[in-house]
Amino acid sequence: MSFRLAFAFVSIAALLVDPTDAVSQDMLRSVDLNSPEMTTSEMTRAEVDALLKSVPQGDGRAADLDGKRLSQLDLSGLDFSGGNLHLVKLNRTNLKGARFDRAILNQGWLIDADLTGASLVKASLLGTQMQRARLGGADLSGARITADLSGASLIGARLAGADLSADMRNQSMGLMRGVLKSADLRNADLSGANLSRADLEFAQLQNANLANCSLYRADLAGADLSDANVAGADFTEADLASALLPGAAALAEARNLDKARNLNLARRPH
């Protein structure tokens, strides 16, 4: 059975188990992450580099790496901008300083990948598996993200204007949204980001810039927002149970805090 067909079967099975978090949660239970499919590469760095450079610049074409196995390679510094990396496997791959601007990484696998300092401006990350990925200082400005970034490190990352919201118009694959459970977003720039219904449970958001972002129905239970900039941030129906909030002066600049859920269970700074 091809991996693509197996992926389809797994997705359908996940829907039957838990339709609200199908791909990002149940799929991992049915995929062997230690299999050669998920841990090996079918190309060398030199071959990947040659493929990227063979695509003429400026004519609208882009490199096609759809479904390629590129796990555990050193692909640091390479330019994948505009490329098709749908279903690519980049698990534990060194992608430091690589460029993925406007690239399609939908349903890709980047578990434990190192994207420190990488650029993913306006990239498409729909249903992408990025658990524990390292994205310190990475630029995801304007990216569309319904990826699972649980446990990922995004210290100092730029997500200004990024869209991590749930797509309420298309739920055939369950509630696809940005999942940042226990992610480290200290000092990250999320200004103007759409975090509607995003899962930020237990996320570290100390000193993060959340100015003017939408937190409508976002799950912030147990999150640490101490010293975060929440000026203009919309907390309508956000879940703040056990969340550590910033100081009173900062909260005074937030919007609709009184409409948040479980505000009475949130923790205040000493």
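Refer to the preceding data block for the structure.
Note that this is a predicted model, so its numbers are computed, not measured. (Residues numbered from 1 in each chain as written. Predicted model: local features only at pLDDT ≥ 70, side-chain atom pairs only at ≥ 80, totals over all residues. Heavy atoms only, no water.)

1. Notes on the overall build of the chain
Looking only at helices and strands, the chain has 5 helices and 2 strands in total. For the chain, the N- to C-terminal ordering of α and β elements is α-α-α-α-β-β-α. In the chain, which comprises 270 residues, the share counted as buried stands at 51%. Sequence separation of 24 or more characterises 25% of the internal contacts of the chain that already satisfy a separation of 6 or more. Only carbon and sulfur atoms are counted for the fraction: they give 49% of the accessible area of the chain, which is about 11500 Å². (Helix = DSSP H or I, 4+ residues; strand = E, 2+ residues; numbered from the N terminus. Buried < 20%, exposed > 50% of the residue type's maximum accessible area, 1.4 Å probe, protein only. Contact = heavy atoms within 4.5 Å. Areas by Shrake-Rupley, 256 points an atom, 1.4 Å probe, with all protein chains shown as cover.)

2. With respect to the side chain of D224
Mapped onto the secondary structure, D224 falls in the loop between strand 2 (144-148) and helix 5 (248-251). For D224, which is buried and forms no salt bridge, the nearest opposite charge comes from R267, at a distance of 6.1 Å. Reaching out from D224, the side chain makes a polar contact with the side chain of S226 at a distance of 2.7 Å. Aside from chain neighbours lying at most four places away, what touches D224 is A203, Q204, L205, Q206 and L244. (Lys, Arg positive; Asp, Glu negative; His and termini not counted. Salt bridge = Lys/Arg side-chain N within 4 Å of Asp/Glu carboxyl O. Polar contact = N/O pair within 3.5 Å; in protein donor to acceptor, adjacent residues only side chain to side chain.)

3. A closer look at the pairing of strand 1 (residues 124-129)
Of all 6 residues that make up strand 1, 5 are buried, and the element is covered over most of its length. Here strand 1 runs beside strand 2; their pairing, made up of 4 bridges, is parallel. Bridging across to strand 2, L125 finds its partner in I145. (Pairing = 2+ DSSP bridges.)

4. Some details on the environment of A46
Relative to the helices and strands, A46 is located in helix 4 (residues 45-54). Overall, the relative accessible area of 57% leaves A46 in the exposed class. Separated by 29 residues in the primary sequence, A46 and L75 have C-alpha atoms spaced 9.2 Å apart.

5. Here we look at the packing of aromatic side chains
Evaluation of the coordinates by the stated rule reveals 1 aromatic pair. Relative to F100, the ring of F80 lies with its centre 4.8 Å away and its plane at 0 degrees, an arrangement referred to as stacked. On the criterion of sequence distance, the pair formed by F80 in the loop between helix 4 and strand 1 and F100 in the loop between helix 4 and strand 1 is long-range, its members being 20 residues apart. Of the two residues, F80 and F100, neither departs from the other in class, the shared state being buried. (Phe/Tyr/Trp six-rings, centres within 6.5 Å; stacked < 30°, edge-to-face > 60°.)

6. Some points on unusual backbone geometry
You will see that R197, though not glycine, has its phi angle at about 65 degrees, which is positive. Note on placement: R197 falls in the loop between strand 2 and helix 5. Given the relative accessible area of 22%, R197 is considered partly exposed. Of note, the phi angle at N256 is positive, near 55 degrees, even though the residue is not glycine. Following the sequence through the fold, N256 ends up in the segment after helix 5.

7. Quick notes on the environment of G192
Mapped onto the elements, G192 comes out in the loop between strand 2 and helix 5. Taking the C-alpha atoms as reference points, G192 and G161, separated by 31 residues in sequence, lie 4.8 Å from one another. Not counting the four nearest positions on each side in its chain, G192 is found in contact with G161, A211, N212 and C213.

8. A look at the nonpolar core
Formed by 73 residues in total, the largest nonpolar core has its most connected members in F80, L115 and F235. For this core, the secondary structure elements donating two or more residues are helix 4 and strand 2. Beyond its immediate sequence surroundings of up to four residues, F235 is in contact with L215, L220, V230, L240, A254, R255, N256, L257, K259 and A260. (Core = buried A, V, L, I, M, F, W, Y, C linked by side-chain atoms within 4.5 Å.)

9. As for the pattern of salt bridges
For the structure on display, the rule yields 16 salt bridges. Here R92 and D112 are joined by a salt bridge, their closest N and O atoms 3.9 Å apart. Placement of R92 in the loop between helix 4 and strand 1 and of D112 in the loop between helix 4 and strand 1 is noted, with a sequence separation of 20 residues between them. What makes R92 exposed here is its relative accessible area of 56%.

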